[in-house]
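# Breakdown of the fold
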Amino acid sequence: MSETPPHDTADVLVVGSGIAGCAAALQAAREDAEVLLVTKAERPTDASTDWAQGGISTARGDPEALKRDVLAASDGTADPDAVDVLVREADAAVEDVLLETLEIPFDERENGAFDYAREAAHSERRILHVDAATGTHILRPFLNYLDDHERVEVRQDTAVLELITHEGRVHGVLTDEDATGHPVYAGATVLATGGIGALYLRSTNPEGATGDGIAMAALAGADVADLEYVQFHPTAFDGEDPFLLSEALRGEGAVLRDADGDRFMDDYHPDAELAPRDVVARAVAAEREATGEVVLDVQTLEGDFEDEFPGIAENCRDRGIDGYQIPVAPCEHFLCGGIDVDHDGRTSLEGLYAVGECTRTGVHGANRLASTSLLEGLVWGLRAGETVVGCEAKPRVVDAPTLRDSDPALPERFAAEKFRRLRRTMAEQLGLERDPDGIARASAVLRRLKGEVDAYTRTRTSRELYELRNACVTALLIARAAGENAESRGCHHLVTEESTAAESTADD
Ligand code: SIN
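Cut-off values and rules
- Residues numbered from 1 in each chain as written.
- Predicted model: local features only at pLDDT ≥ 70, side-chain atom pairs only at ≥ 80, totals over all residues.
- Heavy atoms only, no water.
- Salt bridge = Lys/Arg side-chain N within 4 Å of Asp/Glu carboxyl O.
- Helix = DSSP H or I, 4+ residues; strand = E, 2+ residues; numbered from the N terminus.
- Buried < 20%, exposed > 50% of the residue type's maximum accessible area, 1.4 Å probe, protein only.
- Contact = heavy atoms within 4.5 Å.
- Expected span 1.5 Å × (residues − 1).
- Near = heavy atom within 4 Å.
- Polar contact = N/O pair within 3.5 Å; in protein donor to acceptor, adjacent residues only side chain to side chain.
- Areas by Shrake-Rupley, 256 points an atom, 1.4 Å probe, with all protein chains shown as cover.
- Nonpolar A, V, L, I, M, F, W, Y, C, P; charged D, E, K, R; others polar.
- Pairing = 2+ DSSP bridges.
- Phe/Tyr/Trp six-rings, centres within 6.5 Å; stacked < 30°, edge-to-face > 60°.
- Lys NZ or Arg CZ within 6 Å of the ring centre and 35° of its normal.
- Axes fitted to C-alpha atoms, helices over the stretch in contact; angles between N-to-C directions.

### A look at the pattern of salt bridges
Within the structure shown, the criterion is met by 42 salt bridges. Among the salt bridges present, the one from Arg-383 reaches Glu-89, with a minimum N-O distance of 2.3 Å. Of the two residues, Arg-383 sits in helix α11 (residues 373-390) while Glu-89 sits in helix α4 (residues 80-101), which places them 294 residues apart along the sequence. The exposure class assigned to Glu-89 is partly exposed, which follows from its relative accessible area of 28%. A salt bridge links Glu-247 to Arg-250; its shortest N-O distance comes to 3.7 Å. In this pair, Glu-247 and Arg-250 both sit in helix α7 (residues 247-251), 3 residues apart, roughly one turn of the helix. A single network of salt bridges, built from pairs that share partners, joins Glu-89, Asp-342, Asp-344, Arg-346 and Arg-383.

Next up, the structure:
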């Protein structure tokens, strides 16, 4: 009898260490499952959750009001049933996990009540935050809690290279712990791999955001949806090494000015600086192009900039900005679509679940409302964690593919050059504004690029090469989705000859 090669097993395998993965792991462990959480991140700071500034939206006792805001921000494209799940479970999830279990010290007012913040397109103050570094204050205690949990093992610096599929079911993954791929078999595999910022020249995501989960799921045959809706944040620092200037700044009174010092948002939307994110991002880009610069003026804040937003103020000082006028430009921030999942995180493949930014739950439609991404990760993470245990599948050892022996000598230049080409293509043709010819050109470039990477992968293997392959696959899927959607809506803004003619008629 042939010997089974070295492998690991877990009832539930979670891939990714942001809030969604942590929530899925927590809930599965609470239900008595043995959970293994693997992440390619070497430090917590490598997960997008750690970079989240503004905060986490609650419903603040009024789910219907939050639902109206989510639907309005999405321009009516979000799925009302999915939004219902989000808003109905928001307050209980925050109370249970963030307040009672993790005791996150959200900012309070002098009277001891929570200091709920307001952000763009929210009709009321309902966002819990810790300074403007909320993600850090949530994620680190969350990972520490899971590290100490007897039913959870957290394995960092462990990349997943492939899903193991057998007879149409997902049975786990191959990690890079062995040179030829280390099988981890699981009753349920939950992808929580985050976003796609590394596919763009400028992004507010960590550099590991290479679309891994989306690519691996799609290659295994899972359905994906809404990938054309790539959200750009309107106010990232306009310079080398961009960082986020949270929506919370505009929520607290900061305003946008063009190069002449004039405010302009009133010309674009009745809610001015508090308009939905896609509207503000396009306005900032247009004014920047027309006048040369756009700044976020933080002198108009109701409170003191340094006191209220110490982390952002420090980032500004580090870039040599001492005053109150901070140059800003839109920057890739979030993917509204992803692996298609139901209300419990089930994908179209048996045994495979997904949560967080790598998914399309329907909650965001064509444009996400600020501070709902941590909330979506938390709510769907908890639901998926409960569901996977309920399905009672046990890990099964099946035939796993064997990868070529790793070649650590992947020429850095190969990966760097391909990534540069991919990022330039995405930024130029699949950015804030797209046109059908540009999308078609991007698809052609990306197809060629993927062919070159595939040829390379036939002889070598390494984590970097898999990240590059995943980035190519995800970029191609985004280009395909954009090419197939002729309706300009939310983050998928098409500029065609007809739309330009219609705009100039409206201006006359
Ligand atoms: C921000 O702080 O502006 C980001 C919030 C979000 O993306 O939801």
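### Looking at the environment of Thr-165
By the secondary structure assignment, Thr-165 is in strand β6 (residues 160-166). Note on Thr-165: relative accessible area 39%, which makes it partly exposed. Put simply, Thr-165 and Gly-351 are 186 residues apart on the chain and 9.3 Å apart in space, counted from C-alpha to C-alpha. Among residues more than four places away in sequence, those in contact with Thr-165 are Val-170 and Ala-220.

### Remarks on helix α14 (residues 463-484)
The end-to-end C-alpha separation of α14 is 31 Å, in line with the 32 Å expected for 22 residues at 1.5 Å each. With 18 of its 22 residues buried, α14 lies for the most part within the structure.

### Some remarks on the site of the ligand
In the region of the ligand, the neighbouring residues are Gln-53, Gly-54, His-233, Leu-244, Ser-246, Glu-247, Arg-277, His-333, Arg-368, Ala-370 and Ser-371. Take His-233: an N or O atom from its side chain is 2.8 Å from an oxygen atom of the ligand. Expressed as a share of its isolated accessible area of 260 Å², the protein-covered part of the ligand is 95%. Of the residues assigned to the shell around the ligand, the class counts are 2 nonpolar, 6 polar and 3 charged.

### Overview of the sheet that holds strand β9 (residues 224-225)
Spatially, β9-β14-β16 is the arrangement adopted by the 3 strands of the open sheet, whose pairing is mixed. Edge positions in the sheet fall to β9 and β16 (359-360), since each of these pairs with one other strand and no more. Note that strand β14 (residues 338-340) and β16 share 2 bridges and pair parallel. Bridging across to β16, Ile-339 finds its partner in Thr-359.

### Details of the packing of aromatic side chains
Scanning the model with the defined rule gives 6 aromatic pairs in all. Look at Phe-264 and Tyr-268: their rings are 6.2 Å apart centre to centre, the planes differ by 80°, and that puts the pair in the edge-to-face class. By relative accessible area, which is 2% here, Phe-264 ends up buried. The class of Tyr-268 is partly exposed, set by a relative accessible area of 34%. Geometrically, the ring pair formed by Phe-414 and Tyr-456 is stacked, given 3.7 Å between the ring centres and 20° between the ring planes. With Phe-414 in helix α12 (residues 412-429) and Tyr-456 in helix α13 (residues 436-457), this pair connects stretches of sequence that are 42 residues apart. Residue Phe-414 shares its accessibility class with Tyr-456, and that shared class is buried. What links up through ring pairs into an aromatic cluster is the set Phe-106, Phe-114 and Tyr-116. Positioned above the aromatic ring of Phe-334, the side-chain terminus of Arg-368 is 4.1 Å from the ring centre.

### Brief notes about the sheet that holds strand β12 (residues 294-297)
Pairing is antiparallel across the open sheet formed by 4 strands, whose spatial order is β10-β13-β12-β11. Bordering the open sheet on either side are β10 (230-237) and β11 (255-258), each of which pairs with just one other strand. This sheet shows a mean twist of 45° between the axes of neighbouring strands, independent of strand direction. Sheet analysis places β12 next to strand β13 (residues 325-335), joined by 3 bridges and oriented antiparallel. Bridge pairing in β13 places Val-295 opposite Pro-327.

### Here we look at unusual backbone geometry
If you check the backbone angles, Asp-131 has positive phi at about 45° while not being a glycine. You can see Asp-131 is positioned in the loop between β4 (127-128) and α5 (134-148). Residue classification places Asp-131 among the partly exposed positions, given a relative accessible area of 30%. Unusually for a residue other than glycine, Asp-157 sits at a positive phi of about 55°.

### Let's talk about the pairing of β11
With burial as the criterion, each face of β11 is covered, one bearing Val-255 and Arg-257 and the other bearing Leu-256 and Asp-258. Relative to β12, β11 is paired through 4 bridges, and the arrangement is antiparallel. Residue pairing for β12: Val-255 is matched across the bridge by Asp-297.

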